[in-house]
Amino acid sequence: MEISQLHWRPCNRADFVFDLQLFAGDDKTEEPTAKKRADAKKKGQVGRSTDMNAAFVLLMGFFIIKLLWENIYHSIAAYTTYIFSHLNQPVDTENIIRIFIGIIELLAQTALPIMIAIMAIGLAINFFQVGLNFNTEAIGFKLDKLNPINGFGRIFSKRSLMELVKSLMKIAIIGFFLYDFLIDHLMEMPQFIYFDLPTSLAQISDIIFKMAFEVIGVIMIVGFMDYAYQKWQTTQDLKMSKQEVKDEMKQSEGDPQIKGKIKQKQRQMAMSRMMQEVPKADVIVTNPTHFAVALKYEKGMVAPQIVAKGQDLVARRIKEIANENRVPIVENKPLARALYASTQVGDMVPAELYQAVAEVLAYVYRLKQRRRA
């Protein structure tokens, strides 16, 4: 084919229109609704930090140990002395039971207060993070957990990678503080061999408590940062697409189209009931074309009642029904506008309009008397 045979033909731009919405996908850009958060909470999907739990549990544990250290030391020392002073006794059932009971009593004196304090602080921190949320769904048996493909997906997921990075950072930070602390106190340890046992234990316990509280302080800072991250990550995981929000609204409040039809039907029924009251009215006050308000007054009423009102087409229909049923129609522009604007169907006439309405009703009653005469 020769070049001269090629002809350039302008292309139709409409054939190359890009619809960027085709590439947008179903992005989860909307904040989770209250229902979404409540459902996730029932499933145990809440923002909580195990590091914060660990920090407060360690803090409470070491604080109670430090507080009761003297009693714990003397109790253990006394029982150890007792055991070694009775080694020459025969091994029989009675002595074994006595030793076992002594161990139980020692644990009750030393370990039980620590365990109770740790349990209390653990429950308190859990309540602080997630509130009262007891459910068994998170620990329930699920077959998909045995699926190796899903397992690999969880292992190599973005969340798992982030948890690995966090763990390495925590190890590095805590390791640095431990190293820095031990370097400062390493030279003090060899001289403990020159002290007696109680003095050496007192010195060692001081170093251990200082190191523990320093590390716990670091873990607590990490825990608060992790708690903030977990709350943020949970919100990100629960984010919804616009379609999901619409679907939830439909489920919780009903389909907008159905609701619209129901409201339309309710309006029609209300209009029908209102029109049925027009023949019972004593007078129709009109604008004359734009507004119409039907008034009814019976003996015993505090004030005349609005039984129907309407504007434009509805006003025209009210007047047609009034003419068919020989209900008087009185033109009073200010009164018609005031009644339409300040009242609803079923309301009594406002006190400020008593005089004007009374004049209209008096005119209508006089008109009826003339017709009878």
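Here's the deal with the overall build of the protein
- Assigned secondary structure in the protein consists of 12 helices and 4 strands.
- Taking all 373 residues of the protein together, the buried fraction comes to 25%.
- Long-range pairs, those at least 24 residues apart, make up 75% of the contacts in the protein with a sequence separation of at least 6.
- Here the protein has roughly 26700 Å² of accessible surface; of this, 63% comes from carbon and sulfur atoms.

A closer look at the nonpolar core
- Counting 16 residues, the largest nonpolar core has Val 283, Leu 295, Leu 335, Leu 339, Val 349, Val 357 and Val 360 as the members making the most contacts within it.
- When residues of this core are traced back to their parent elements, those giving at least two are strand S1 (283–286), strand S2 (291–296), helix H11 (333–342) and helix H12 (354–372).
- Tallying contributions element by element places H12 first for this core, with 4 residues.
- Ignoring any residue separated from it by four or fewer positions in sequence, one finds Leu 335 in contact with Val 285, Leu 353, Ala 356, Val 357 and Val 360.

With respect to the pattern of salt bridges
- Enumeration according to the criterion identifies 7 salt bridges in this entry.
- Here Lys 239 and Glu 31 are joined by a salt bridge, their closest N and O atoms 3.7 Å apart. With Lys 239 in the loop between helix H7 (197–238) and helix H8 (242–253) and Glu 31 in the segment before helix H1 (34–42), this pair connects stretches of sequence that are 208 residues apart.
- Residue classification places Lys 239 among the buried residues on the basis of a relative accessible area of 16%.
- The exposure class assigned to Glu 31 is partly exposed, which follows from its relative accessible area of 48%.
- Among the ionic pairs, Asp 51 bridges to Lys 170, the shortest N-O distance being 2.8 Å. Of this pair, Asp 51 sits in helix H2 (residues 50–67) while Lys 170 sits in helix H6 (residues 158–185), and the two are 119 residues apart along the sequence.
- Taking relative accessible area as the criterion, Asp 51 reaches 12% and is therefore assigned buried.

What about H2?
- Counted at 1.5 Å a residue, the expected span for H2 with its 18 residues is 26 Å, and the 25 Å between its end C-alpha atoms agrees.
- Residues of H2 that are buried: Asp 51, Met 52, Asn 53, Ala 55, Phe 56, Gly 61 and Ile 64.

Some thoughts on the side chain of Thr 286
- Residue position: Thr 286 is located in strand S1.
- In this view, Thr 286 contacts Phe 291, Ala 292, Lys 319, Ile 329, Val 330, Glu 331, Asn 332, Lys 333 and Ala 336; residues no more than four positions away in its chain are not counted.

Considering the sheet that holds strand S3 (residues 305–311)
- Strands sit in the order S3-S2-S1-S4 across an open sheet of 4 strands; the sheet is mixed. Looking along the sheet, the strands with just one partner apiece sit at the ends: S3 and strand S4 (329–331). Each adjacent strand pair in this sheet contributes to an overall mean axis angle of 20°, direction not counted.
- In this sheet, S4 lies alongside S1 in parallel orientation, the contact comprising 3 bridges.

A word on the pairing of S2
- Judged by how many residues are buried, S2 sits mostly within the fold: 6 of 6 residues are covered.
- With burial as the criterion, each face of S2 is covered, one bearing Phe 291, Val 293 and Leu 295 and the other bearing Ala 292, Ala 294 and Lys 296.
- Here S1 pairs with S2 via 4 bridges, running antiparallel. Of the residues in S2, the one forming a bridge with Thr 286 is Ala 292.

Some thoughts on a negative patch on the surface
- Taken together, the side chains of Asp 180, Asp 184, Glu 188 and Glu 214 define an acidic patch exposed on the protein surface.
- Assignment of secondary structure puts Glu 214 in helix H7.
- Relative accessible area serves as the criterion here: at 32%, Glu 214 is assigned to the partly exposed category.

Structural notes on the confidence of the model for the protein
- Put simply, the protein has an average pLDDT of 78, and 83% of its residues get 70 or more.
- Helix H5 (residues 148–155) is the least confidently modelled element of the protein, averaging 60 in pLDDT, while S1 averages 90, the highest of any element.

Topic: the packing of aromatic side chains
- Scanning the entire structure with this criterion turns up 10 aromatic pairs.
- Arranged with centres 6.1 Å apart and planes meeting at 35°, the rings of Tyr 229 and Trp 232 form a pair that is tilted. In this pair, Tyr 229 and Trp 232 are both assigned in helix H7, 3 residues apart and thus about one turn of the helix distant.
- For Trp 232, a relative accessible area of 48% puts it in the partly exposed group.
- Note that Lys 309 overlies the ring of Tyr 340, its terminal NZ or CZ placed 4.5 Å from the centroid.

Structural notes on the environment of Glu 248
- Mapped onto the secondary structure, Glu 248 falls in helix H8.
- Residue Glu 248 is classed as buried on the basis of its relative accessible area of 14%.
- In the structure, Glu 248 is positioned 212 residues away from Lys 36 in sequence and 8.8 Å away in space, judged by C-alpha atoms.
- With sequence-adjacent residues up to four places away left out, Glu 248 is seen in contact with Thr 33, Lys 35, Lys 36 and Met 240.

Rules and cut-offs
Residues numbered from 1 in each chain as written. Predicted model: local features only at pLDDT ≥ 70, side-chain atom pairs only at ≥ 80, totals over all residues. Heavy atoms only, no water. Helix = DSSP H or I, 4+ residues; strand = E, 2+ residues; numbered from the N terminus. Buried < 20%, exposed > 50% of the residue type's maximum accessible area, 1.4 Å probe, protein only. Contact = heavy atoms within 4.5 Å. Areas by Shrake-Rupley, 256 points an atom, 1.4 Å probe, with all protein chains shown as cover. Core = buried A, V, L, I, M, F, W, Y, C linked by side-chain atoms within 4.5 Å. Salt bridge = Lys/Arg side-chain N within 4 Å of Asp/Glu carboxyl O. Expected span 1.5 Å × (residues − 1). Pairing = 2+ DSSP bridges. Axes fitted to C-alpha atoms, helices over the stretch in contact; angles between N-to-C directions. Patch = residues over 30% accessible without salt bridge, like charges linked within 9 Å, V, L, I, M, F, W, Y side chains within 5 Å. Lys, Arg positive; Asp, Glu negative; His and termini not counted. Charge placed at Lys NZ, Arg CZ, Asp CG, Glu CD. pLDDT = per-residue confidence, 0-100. Phe/Tyr/Trp six-rings, centres within 6.5 Å; stacked < 30°, edge-to-face > 60°. Lys NZ or Arg CZ within 6 Å of the ring centre and 35° of its normal.

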